[in-house]
Amino acid sequence: MDIRKIFTLKILTYLANQHKMITLQKRVGFREIFYNLLMKLDKDSDLYKMRHSAAHVMAAAVCRLYDDVQLDIGPPTNEGFYYDFDVPHRFTPENFEAIEKEMVRFIQEDHPFECMEVSREEAKQIIADQHQKYKLERLADIPEGDKITFYKCGEFVDLCRGPHVERTGHVKTFKLLSVAGSYYRGRETNPMLQRLYATAYNHDKELRKYLKQLEEAKQRDHRKLGKALDLFSIQEDVGPGLILWHPKGARIRSLIEDDWKQKHFHGGYKLVYTPHIGKAKLWETSGHLGFYKESMFAPMDIEGMEYFTKPMNCPFHIKIYQSQKRSYRDLPLRWAELGTVYRYEKAGVLHGLLRVRGFTQDDAHIFCAPEQVEEEIKKVIRFAIDVWKDFGFSDITAYLSTRPDKAVGEANQWEKATASLEQALQAESIPYEVDVGGGAFYGPKIDMKVKDTIGREWQMSTVQFDFNLPDRFNMKYVGEDGKEHRPYMVHRALFGSLERFFGILLEHHAGAFPLWLAPEQIRVLPLTDHQFGYAQSVIKTLQEKGFRVSQDIRSEKVGAKIRKAQIEKVPYMLILGPKEEDSGSVSVRRRSGDQSSMTIEGLAETIMREINAKA
RNA sequence: GCCAGCGUAGCUCAGUCGGUAGAGCGGCUCAUUCGUAAUGAGCAGGUCAUCGGUUCAAUUCCGAUCGCUGGCUCCA
């Protein structure tokens, strides 16, 4: 094995642990979802200080109420604060009231926060006296030369950088929210601590607002809406993280896909389809078996050959590239696929549609000559913005990730690629942040996040250079000079995965899909069965115009029919009674509650306009 | 994977300190023919997640398994 191979292998092993391959799925959960709900707090802000102090108060209360409390850390966060404990007692939400009561008492006692600066030796002594093993390790983390401070309030003394409010009495309104396990220092090999999450605000009103936001987000939870609107399900018998798309959900997905495909054809992409499985050798060449195997489903044996379910589409696209000799005249090649991939994700991280085991990437690979790359990146960014617009997303932030310490490819390649990414962002005037060293080992990347209706940011698109795969597959094109050259390869996904995107879209619209995506656009509600005939003719007319129409012919009052349609978030309801039948018109009620009377032609026109506007 | 909690009708949930379960919505049937968010009556529907243990008896207690939920360094 030559040196280069050994080096590559080392990097790959290292990266296997870092999980730095395009995952296109991001961690989700309560905390990430709300991470951007509120403005990022300034570390020196009063609220931040107060929350930090509240964390101490909570720890003090816990120390009073329970025996053998080992403290770890208790930082303020953008939403509140938490504190990690190692206690023999198992916390449950039933304990919250008692802890909150004790916290109130502690606050009312109004202890001053006293800062004590000590030497390292003194610090060790204090911690040793308290028998706080985690604190001792945390102390060791403090760099030599830094100040070491303790904060004391009442009987509670904690190693802490501060700052704090002056007295516990300054801690205002707070509430314990949840209890969760958390590994000490976040490492799986460390002991599991118990984390109490809480929040604190300066005013009751703000706390109530925050709790209301939590409640609202819960109401628009895609898992809840997915069930209520009969869009999809995940069933135990099928398997965790595997999605069943019900007819209505599938209809929406199909509309999303149609839009996506049309846009891609217009944008100079060509579609490809590739299989779900491939031979082991392919995944060896691509390197996946070296560094991504843990995330792949187990192999299957077919006629003595090992096959793997694909976790990514790239190798197949590369094989299409290599099906013939390529000239510089062929480039750039832009190949897109709605490719369904399977990845093994730990059971504990699965989450509705947002984190799954089988999903369809809206994947594309661009193969181009080095000099074309900057223009291609610009195109991709413009393209992404254009596609999002259709779905009601316009607030975008980008994150540019540059070369990590361990990386493949030459430094000047990286520089050039990174520069093209940055120039593209500037050219499109997209606000971006730079994550120095945050790129994947095989190339720099841009991740783009969009903001939803309630202000949450979701990572969606990713544009990634790849200096690794073209090498591994020994990809070539014949240049103007008649010599062989290595093409540049760019991976990109706009939605990330259709499942995840659908989940985000569902929450974004709170289930009330815009007309062009609504699985059922119009519901006809005959007032009595005398109007059934007229209803049929209205339905026929509208269906012939291509609208998605249904009817409610139950023996119910119109109020009940409307209620049902409202709950199912049907955009247009047509109430048909004798008046409408006599005049050949329709009484229109929109989802918003707006009412009007129209001719069928007028309605069709209005609806058509709304569909075309994708409003 | 790990910690904690949870799993009762299609859905949302109540209940049983061990004696095999109930509501509302939904479904079906019948009556009602109604004007912008719920007409009335009746009926059907459950191996109380699965498997094992304790017990005269388990949906209830214990254990395992499966699944779901909240989390698992915004660093003293």
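As the structure is a computational prediction, the values presented were derived from the model and not from experiment.

1. Overview of the overall build of chain A
Right, on to step 1. When helices and strands are tallied, chain A shows 20 helices and 27 strands.
Right, on to step 2. Taken along its principal axes, the extent of the C-alpha atoms in chain A is 90 × 75 × 50 Å.
Right, on to step 3. Burial status across chain A gives 53% buried among its 615 residues.
Right, on to step 4. Working note: accessible area of chain A is about 29200 Å², and carbon and sulfur atoms make up 50% of it.
Right, on to step 5. Placing the 90 positive and 88 negative side-chain charges of chain A at their respective mean positions leaves the two points 3 Å apart.

2. Brief notes about unusual backbone geometry
Right, on to step 1. L331 connects to P332 through a cis peptide bond whose omega is 0°.
Right, on to step 2. The topology assignment puts P332 in the loop between helix 12 (314-321) and strand 14 (333-342).
Right, on to step 3. With a phi close to 55°, D110 is a non-glycine residue in the positive phi region.
Right, on to step 4. Judged by relative accessible area, D110 falls into the partly exposed class, the value being 27%.
Right, on to step 5. Despite not being glycine, S429 shows a phi value in the positive range, around 40°.
Right, on to step 6. Topologically, S429 is positioned in the loop between helix 14 (411-427) and strand 17 (432-435).

3. Considerations on the sheet that holds strand 3 (residues 114-118)
Right, on to step 1. Strands sit in the order 3-4-5 across an open sheet of three strands; the sheet is antiparallel. Edge positions in the open sheet fall to strand 3 and strand 5 (156-159), since each of these has one partner strand only. Averaged over all neighbouring strand pairs, the angle between strand axes comes to 25°, with direction disregarded.
Right, on to step 2. Here helix 5 (residues 120-130) sits on the sheet and contacts strand 3, strand 4 (148-153) and strand 5; the angle it forms with strand 4, its principal contact strand, is near 40°.

4. A word on empty space enclosed by the protein
Right, on to step 1. Tallied over the full model, the rule gives three cavities of 30 Å³ or more.
Right, on to step 2. Quantified by volume, the largest cavity comes out at close to 120 Å³.
Right, on to step 3. Counted by class, the lining of the largest cavity contains seven nonpolar, one polar and five charged residues.

5. What to know about the packing of helix 5 against helix 6 (residues 133-141)
Right, on to step 1. Packing of helix 5 against helix 6 leaves a shortest axis separation of 9 Å and a crossing angle of 165°. When the interaxial angle is binned, helix 5 and helix 6 end up roughly antiparallel. Of the two elements, helix 5 crosses helix 6, and the hand of that crossing is right-handed. Contacts between helix 5 and helix 6 involve R120, A123, K124 and I127 on the former and, on the latter, K135, L136, L139 and A140.

6. Thoughts on the domain arrangement of chain A
Right, on to step 1. Segmenting chain A into domains produces domain 1 (3-43), domain 2 (46-219), domain 3 (251-274 + 310-506) and domain 4 (522-613).
Right, on to step 2. For domain 2 and domain 3, the distance between their C-alpha centroids amounts to 42 Å.

7. Some details on the pattern of salt bridges
Right, on to step 1. All told, the structure shown has 40 salt bridges when counted by the stated rule.
Right, on to step 2. The salt bridge partner of E102 is R105, with a shortest N-O separation of 2.9 Å. A residue pair is termed a helical-turn pair when its members lie 3 or 4 positions apart in one helix, as E102 and R105 do in helix 4 (residues 96-108) at three residues.
Right, on to step 3. Taking the relative accessible area as the measure of exposure, E102 reaches 8% and is therefore buried.
Right, on to step 4. By relative accessible area, which is 43% here, R105 ends up partly exposed.
Right, on to step 5. The network of salt bridges with shared partners includes R64, E102, R105, E109 and E155.

8. Brief notes about the state of the cysteines
Covalent bonding between the sulfur atoms of two cysteines defines a disulfide.
Right, on to step 1. Per the counting criterion, the structure on display carries zero disulfides.
Right, on to step 2. Here C63 is not cross-linked by a disulfide; its sulfur's nearest cysteine counterpart is in C153, at 10 Å.
Right, on to step 3. Judged by its relative accessible area of 30%, C63 falls in the partly exposed class.
Right, on to step 4. Sulfur of C314: no disulfide; nearest cysteine sulfur belongs to C368 and is 16 Å away.

9. Some remarks on the environment of L576
Right, on to step 1. Its place among the elements puts L576 in strand 25 (residues 572-576).
Right, on to step 2. When the C-alpha atoms of L576 and V538 are compared, they prove to be 9.4 Å apart, with 38 residues separating the residues in sequence.
Right, on to step 3. Contact partners of L576, with chain neighbours within four places excluded, come to V524, L525, P526, L527, Q531, Y534, A535, V538, S585 and V586.

10. Brief notes about helix 6
Right, on to step 1. Of all the positions in helix 6, only Y134, K135, R138 and L139 are classed as buried. Projected onto a plane normal to the axis of helix 6, the buried residues spread over an arc of 145° and lie on a single side.
Right, on to step 2. Buried residues in helix 6 make contact with strand 1 (70-71), strand 2 (81-86), helix 5, strand 4, strand 5 and strand 7 (192-201).

11. What to know about the packing of aromatic side chains
Right, on to step 1. Counted under the stated rule, the structure contains 24 aromatic pairs.
Right, on to step 2. Taking 4.7 Å as the distance between ring centres and 55° as the angle between the ring planes, the aromatic pair formed by Y134 and Y184 counts as tilted. Linking Y134 in helix 6 with Y184 in the loop between strand 6 (173-183) and strand 7, this pair joins segments that are 50 residues apart in sequence. The burial state of Y134 is the same as that of Y184; both residues are buried.
Right, on to step 3. Ring plane angle 70° and centroid distance 5.7 Å describe the contact between W335 and F367, whose orientation is recorded as edge-to-face. Here W335, found in strand 14, pairs with F367, found in strand 15 (residues 358-368); they are 32 residues apart in sequence, far enough to count as distant. In terms of burial, W335 and F367 fall into one category: buried.
Right, on to step 4. Taken together, the ring pairs connect F391, F393, F495, F501 and W516 into an aromatic cluster.
Right, on to step 5. Against the face of Y201 rests R51, its NZ or CZ located 4.7 Å from the ring centre.

12. Details of the pairing of strand 23 (residues 522-526)
Right, on to step 1. Burial analysis of strand 23 places five of its five residues in the buried class, which makes it a mostly covered element.
Right, on to step 2. Taking every second residue as pointing to the same face, both faces of strand 23 are buried, with I522, V524 and P526 on one and R523 and L525 on the other.
Right, on to step 3. Judged from the three bridges that link them, strand 23 and strand 24 (residues 549-551) form a sheet pairing that is parallel. Within the sheet, the bridge partner assigned to I522 lies in strand 24 and is V549.
Right, on to step 4. Handedness of the crossover joining strand 23 and strand 24 through helix 17 (residues 532-544) is recorded here as right-handed.

Rules of the game
Residues numbered from 1 in each chain as written. Chains lettered and ligands numbered in written order. Predicted model: local features only at pLDDT ≥ 70, side-chain atom pairs only at ≥ 80, totals over all residues. Heavy atoms only, no water. Helix = DSSP H or I, 4+ residues; strand = E, 2+ residues; numbered from the N terminus. Buried < 20%, exposed > 50% of the residue type's maximum accessible area, 1.4 Å probe, protein only. Areas by Shrake-Rupley, 256 points an atom, 1.4 Å probe, with all protein chains shown as cover. Lys, Arg positive; Asp, Glu negative; His and termini not counted. Charge placed at Lys NZ, Arg CZ, Asp CG, Glu CD. Pairing = 2+ DSSP bridges. Axes fitted to C-alpha atoms, helices over the stretch in contact; angles between N-to-C directions. Contact = heavy atoms within 4.5 Å. 1 Å grid on protein atoms, 1.4 Å probe; cavity = no way out; pocket = protein on both sides within 12 Å on 5 of 7 lines; lining within 4 Å. Points joined across faces, edges and corners; volume = space filled by probe spheres on them. Nonpolar A, V, L, I, M, F, W, Y, C, P; charged D, E, K, R; others polar. Parallel < 35°, antiparallel > 145°, perpendicular 65-115°, else oblique. Left-handed = near helix turned anticlockwise from the far one by under 90°. Domains from an automatic or database assignment. Salt bridge = Lys/Arg side-chain N within 4 Å of Asp/Glu carboxyl O. Disulfide = S-S within 2.5 Å. Arc of directions from axis to C-beta. Phe/Tyr/Trp six-rings, centres within 6.5 Å; stacked < 30°, edge-to-face > 60°. Lys NZ or Arg CZ within 6 Å of the ring centre and 35° of its normal. Right-handed = clockwise from strand over helix to strand, strands pointing away.

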